[in-house]
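Chains, contacts and geometry: an overview
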Amino acid sequence: MNTPVEGFSKLTKAEKINWIASNFTQDPERTKQLLQQYWNTDGEVQKVHDEFIENTVSNYYLPFAIAPNFLINGKFYAIPMAIEESSVVAAASKAAKFWLTRGGFKTTVIGTEKVGQVHFIFKGEATKLRAFFNEIKPEFYTSTAAITKSMEKRGGGIKDIVLKDLTDKIEGYYQLHCTFETKDAMGANFINSCLEQFASTLKEKAAQHTSFTSEEKDIEVVMSILSNYVPNCLVRAEVSCPVEALNEDGISSEEFAQKMVRAVEIAKAEPYRAVTHNKGIMNGIDAVILATGNDFRAIEAGVHAYASKDGRYSSLTHATIKDGDFKFWIEIPLALGTVGGLTSLHPLVKLALEILQNPSAEELMQIVAVAGLAQNFAAVRSLVTTGIQKGHMKMHLLNLLNQMGATESEKQELVQYFKTHTVTNASVKEALEKMQSE
Ligand code: MEV
């Protein structure tokens, strides 16, 4: 019981399931049943899932939903979202509808530059290293020609390779700081392959460099890896309208606009609020990133680093009232792909991209930024008016009823009842118990 296992990866799927079920769960038969219940009945589809990662024993489902009515640069989109949190899709849809009649979302891609670095230690004179680097720089391009050929055909490739002296941080520490254009690919494999080749070329050429001492010839490459911080792979999404067109229920348009701006100012000024404010943005962003098969960990890491770019963690959205217009916008780094990776393998990812009319990576950046902006608008709008709990608990009602074991007919009746009553854990429990006792 609970002892280490040798060669787990070599066991068959059934053996893996048996092992985990009998060693780590209370009811092995129930565990096996559950894991099987989540298998896809289509063997081909299941095989695809099994082969995404190692040691697959089942699938882990998330709801796949659609937020319709997004008008982006005059074009309509229905945005697919994969997320478990209630209210997020409803909030996105509500914001889309709100801006539909106020000119929709306007977006611009500011840059598409990706980054990768070779980190190395050089024990010698910085000026000699720089002269050596300038001399061998063309070799970095020629030695990666086989890797870059097809990317160049698609209009991408290596943009630049810069030698950075970071010896003020760590003794002997330098970098090849490299920038890339990867077009519709997220480009991780392309970038990492180029970087590993740069590292080999660097070491090899240094070892042959006649004006280096033997210590200088022995460059220590520590690692070669892309960076998920991509401040020049940047997109902006914006909404604006005359303040009087905001027409919010129960509050004057001026007061609503001012409260929105004030809420953003608070998120700019204060990190505790900024983190939650940005979390709301990521509710929208991650859901589209997941649905379209992109790497949400990479996006999260890069976006939050960008939120701290001025030395303090701050809001990713901005709001102003100027000349009678309310303007609300987001500027975020998003390194996305619409080819390669999961995009051609996962059936639902393919469908999500089809629903988005098979966007280019640049178009997807714009759609994702809009999803983040819409989500933030909806969250802050609720926060500065009704508070979020009213709407959220309504959306959460079915989760509560399911947790409490309500039947279908009880759920139907109680959903009606709570249209005019406040949803809380206690009120739902009480209403269900009352119904059951009747
Ligand atoms: C909840 O998932 C997200 C919010 O907390 C975001 C916010 O506070 O702006 C509602």
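Scroll up for the structure.
A brief structural summary. Since the model is a prediction, treat every value here as computed from it, not as a measurement.

**Considering the overall build of the protein**
- When its secondary structure is counted, the protein shows 16 helices and 10 strands.
- The buried share among the 438 residues of the protein stands at 45%.
- For the protein, the proportion of contacts with a sequence separation of at least 24, taken over those separated by at least 6, is 70%.
- As displayed, the protein offers around 22600 Å² of accessible surface, 53% of which is attributable to carbon and sulfur atoms.
- For the protein, the centre of its 45 positive side-chain charges and the centre of its 52 negative side-chain charges are spaced 3 Å apart.

**Comments concerning the site of the ligand**
- All residues adjacent to the ligand are Glu85, Arg273, Thr276, His277, Lys279, Gly280, Asn283, Ala379, Leu383 and Ile388.
- Side-chain polar atom of Glu85 to an oxygen atom of the ligand: 2.6 Å apart, as the coordinates give it.
- Take Asn283: an N or O atom from its side chain is 2.9 Å from an oxygen atom of the ligand.
- Within the complex, the protein chains bury 83% of what would otherwise be the 300 Å² of accessible surface of the ligand.

**Observations concerning the sheet that holds strand 7 (residues 220–227)**
- With respect to topology, 4 strands assemble into an open sheet ordered 5-6-4-7, the strand pairing being antiparallel. Every other strand in the sheet has two partners, leaving strand 5 (157–165) and strand 7 as the edge strands with one partner each. Each adjacent strand pair in this sheet contributes to an overall mean axis angle of 15 degrees, direction not counted.
- Two elements, strand 4 (residues 114–121) and strand 6 (residues 173–181), share 8 bridges in a ladder whose sense is antiparallel. Residue pairing across strands places Gly116 opposite Cys178, the latter belonging to strand 6.

**Let's talk about the state of the cysteines**
- Taken as a whole and assessed by the stated rule, the structure comprises 0 disulfides.
- The cysteine Cys194 is free of any disulfide, with Cys178 supplying the nearest cysteine sulfur at 8.6 Å.
- Judged by relative accessible area, Cys194 falls into the buried class, the value being 0%.
- Just so you know, Cys233 is unpaired, no disulfide at all, and the nearest cysteine sulfur is the one on Cys178, 16 Å from it.

**Describing a negative patch on the surface**
- Negative charge collects at one region of the surface, where Glu244, Glu254, Asp323 and Asp325 lie side by side.
- Structurally, Glu244 can be placed in the loop between strand 8 (234–242) and helix 9 (253–269).

**What to know about the pairing of strand 6**
- The element strand 6 is extensively covered by neighbouring structure, given that 9 of its 9 residues are classed as buried.
- Along strand 6, one buried face is formed by Tyr173, Gln175, His177, Thr179 and Glu181 and the opposite face, lined by Tyr174, Leu176, Cys178 and Phe180, is buried too.
- Across 8 bridges, the pairing between strand 5 and strand 6 is antiparallel. Each residue of the ladder has a partner; that of Leu163, found in strand 6, is Leu176.

**Considering the nonpolar core**
- Core analysis: the biggest nonpolar cluster contains 67 residues, and Phe70, Phe326 and Leu334 have the highest contact counts within it.
- Ranked by residues supplied to this core, first place goes to helix 13 (residues 361–384) with 13 residues.
- Counting residues in each nonpolar core, the second largest holds 28 residues, with Leu129, Phe133, Leu202 and Phe212 among its members.

**Describing unusual backbone geometry**
- A positive phi angle is found at Lys183, which is not glycine, with a value near 50 degrees.
- Assignment of secondary structure puts Lys183 in the loop between strand 6 and helix 7 (188–208).
- For Lys183, a relative accessible area of 34% corresponds to the partly exposed category.
- Look at Gln357: it is not a glycine, yet its phi comes out positive at around 65 degrees.
- Following the sequence through the fold, Gln357 ends up in the loop between helix 12 (347–355) and helix 13.
- For Gln357, a relative accessible area of 41% puts it in the partly exposed group.

Procedures and definitions
- Residues numbered from 1 in each chain as written.
- Predicted model: local features only at pLDDT ≥ 70, side-chain atom pairs only at ≥ 80, totals over all residues.
- Heavy atoms only, no water.
- Helix = DSSP H or I, 4+ residues; strand = E, 2+ residues; numbered from the N terminus.
- Buried < 20%, exposed > 50% of the residue type's maximum accessible area, 1.4 Å probe, protein only.
- Contact = heavy atoms within 4.5 Å.
- Areas by Shrake-Rupley, 256 points an atom, 1.4 Å probe, with all protein chains shown as cover.
- Lys, Arg positive; Asp, Glu negative; His and termini not counted.
- Charge placed at Lys NZ, Arg CZ, Asp CG, Glu CD.
- Near = heavy atom within 4 Å.
- Polar contact = N/O pair within 3.5 Å; in protein donor to acceptor, adjacent residues only side chain to side chain.
- Pairing = 2+ DSSP bridges.
- Axes fitted to C-alpha atoms, helices over the stretch in contact; angles between N-to-C directions.
- Disulfide = S-S within 2.5 Å.
- Patch = residues over 30% accessible without salt bridge, like charges linked within 9 Å, V, L, I, M, F, W, Y side chains within 5 Å.
- Salt bridge = Lys/Arg side-chain N within 4 Å of Asp/Glu carboxyl O.
- Core = buried A, V, L, I, M, F, W, Y, C linked by side-chain atoms within 4.5 Å.

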